[in-house]
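Each chain, written out:
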Amino acid sequence: SFPWFASSDRIGVYARKSDSGEITVRNACLAAYSSTTTSLFKPLSDASGIELSDGDKLDLSLYYPFRTSCDKPESLPLSIPSEQTVTPGREPSFKQDNIFTCTIPAVGAIEAPLETELLPAAAYLRISISSSSPAYFSSFRLEGSQGSVLAFTEGSFDLFTGAIDSGEETYDTIGPSSETSV
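(A) Representation of the overall build of the chain. Looking only at helices and strands, the chain features 0 helices and 13 strands. From first element to last, N terminus to C terminus, the chain shows the α and β order β-β-β-β-β-β-β-β-β-β-β-β-β. For the chain, the proportion of contacts with a sequence separation of at least 24, taken over those separated by at least 6, is 65%. Working note: accessible area of the chain is about 11500 Å², and carbon and sulfur atoms make up 48% of it.

(B) Quick look at the packing of aromatic side chains. Per the counting criterion, the structure on display carries 3 aromatic pairs. With 5.0 Å between their ring centres and 90° between their planes, Trp-4 and Phe-41 make a pair best called edge-to-face. Of the two residues, Trp-4 is situated in the segment before strand 1 (10–17) and Phe-41 in strand 3 (residues 41–43); the sequence distance between them amounts to 37 residues. Pairing Trp-4 with Tyr-64 gives two aromatic rings, centres 5.1 Å apart and planes at 80°, and the pair type is edge-to-face. Taken as a pair, Trp-4 in the segment before strand 1 and Tyr-64 in strand 4 (residues 58–64) lie far apart in primary sequence, 60 residues in all. Of the two residues, Trp-4 and Tyr-64, both sit in the buried class. Pairwise contacts between aromatic rings join Trp-4, Phe-41 and Tyr-64 into one cluster. The residue whose ring lies beneath Arg-16 is Phe-160, and the NZ or CZ to ring-centre distance is 4.1 Å. Between the NZ or CZ atom of Lys-42 and the centre of the ring of Tyr-33, over which it lies, the distance is 4.1 Å.

(C) Just the pairing of strand 2 (residues 23–32), in detail. The buried fraction of strand 2 amounts to 7 of the 10 residues, a majority that puts the element mostly inside the structure. As judged from the 6 bridges shared by strand 1 and strand 2, these two strands associate in the antiparallel manner. Paired with Arg-16 across the strands is Ile-23, a residue of strand 2. Counted along the chain from strand 1 to the antiparallel partner strand 2, the turn is 5 residues long, and its residue Gly-21 has a positive phi close to 80°.

(D) Representation of the environment of Ile-23. Mapped onto the fold, Ile-23 is located in strand 2. Note: C-alpha distance between Ile-23 and Leu-58 (35 residues apart in sequence) is 9.2 Å. If near-sequence neighbours (up to four positions away) are discounted, Ile-23 is found in contact with Tyr-14, Ala-15, Arg-16, Pro-73 and Phe-160.

(E) A look at the pairing of strand 4. Across the 7 residues that make up strand 4, a large majority, 7, are buried. Every second residue of strand 4 is oriented toward a common face, with Leu-58, Leu-60, Leu-62 and Tyr-64 on one face and Asp-59, Ser-61 and Tyr-63 on the other, all of them buried. Relative to strand 4, strand 1 runs antiparallel, the two sharing 6 bridges. In the strand pairing of strand 4, Lys-17 is matched with Leu-58.

(F) Structural view of the nonpolar core. Among the nonpolar cores identified, the biggest contains 17 residues, and Trp-4, Tyr-64 and Leu-118 are the most heavily contacted of them. Those elements that provide at least two residues to this core are strand 1, strand 2, strand 4 and strand 7 (100–107). The contact partners of Leu-118, leaving out residues within four places of it in the chain, are Trp-4, Ile-11, Leu-62, Tyr-64, Phe-100, Thr-101 and Cys-102.

(G) Quick look at the confidence of the model for the chain. For the chain, per-residue confidence averages 80 on the pLDDT scale, and residues scoring 70 or more make up 77% of the total. Confidence scores differ between elements of the chain, with strand 6 (residues 83–86) showing the lowest mean pLDDT of 77 and strand 11 (residues 164–165) the highest of 92.

(H) Region of interest: the pattern of salt bridges. As enumerated under the stated definition, the model contains 3 salt bridges in all. A salt bridge links Lys-17 to Glu-22, with the shortest nitrogen-to-oxygen separation between them at 3.6 Å. With relative accessibility at 23%, the residue Lys-17 sits in the partly exposed group. Ionic pairing is found between Arg-141 and Glu-83, a salt bridge with its closest N-O pair at 3.1 Å. A residue pair is termed long-range when its members are at least 10 positions apart, and Arg-141 in the loop between strand 8 (119–120) and strand 9 (142–143) and Glu-83 in strand 6 qualify at 58 residues. Arg-141 gets classed as partly exposed once you look at its relative accessible area, which sits at 43%. Under the relative-accessibility criterion, Glu-83 is labelled partly exposed at 49%.

Cut-offs and rules
Residues numbered from 1 in each chain as written. Predicted model: local features only at pLDDT ≥ 70, side-chain atom pairs only at ≥ 80, totals over all residues. Heavy atoms only, no water. Helix = DSSP H or I, 4+ residues; strand = E, 2+ residues; numbered from the N terminus. Contact = heavy atoms within 4.5 Å. Areas by Shrake-Rupley, 256 points an atom, 1.4 Å probe, with all protein chains shown as cover. Phe/Tyr/Trp six-rings, centres within 6.5 Å; stacked < 30°, edge-to-face > 60°. Buried < 20%, exposed > 50% of the residue type's maximum accessible area, 1.4 Å probe, protein only. Lys NZ or Arg CZ within 6 Å of the ring centre and 35° of its normal. Pairing = 2+ DSSP bridges. Core = buried A, V, L, I, M, F, W, Y, C linked by side-chain atoms within 4.5 Å. pLDDT = per-residue confidence, 0-100. Salt bridge = Lys/Arg side-chain N within 4 Å of Asp/Glu carboxyl O.

This is the structure:
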């Protein structure tokens, strides 16, 4: 897990009726209440609240980071670049470089805070290279099996089903490179 920041972290929330699929909450914005790894998230305004009618069961879908432009829960924009540059000595930001989601099916009355964990929408690969003698490299390639999709430029993620549509421009390799030789 990673720390949340009350000053800047926001999540988006969608809710739909479990029985009909009707969207009842569309992209409500919730803000981190505290700067901790287990922060509560609260509405920024009364309009962002989530209300449940008696007897309704809702599927809730949460995502981070919040985007004002996310108006379709079935197609949250998602891309994984085929060429990725890393800076030696700088740890990539797992939190900033990913989209995190969670779907909670068939929620009835909410009596206490919901406890859940947002997980990355796509895999995150960490590579460590070590050598007993000096070694230098400026790039290498990760290749998937023939027909696999490792990267794409204009894909989308369905918040309720977890399905990824990689779009038309796909790649079966990822080429991490360093800003300088390592």
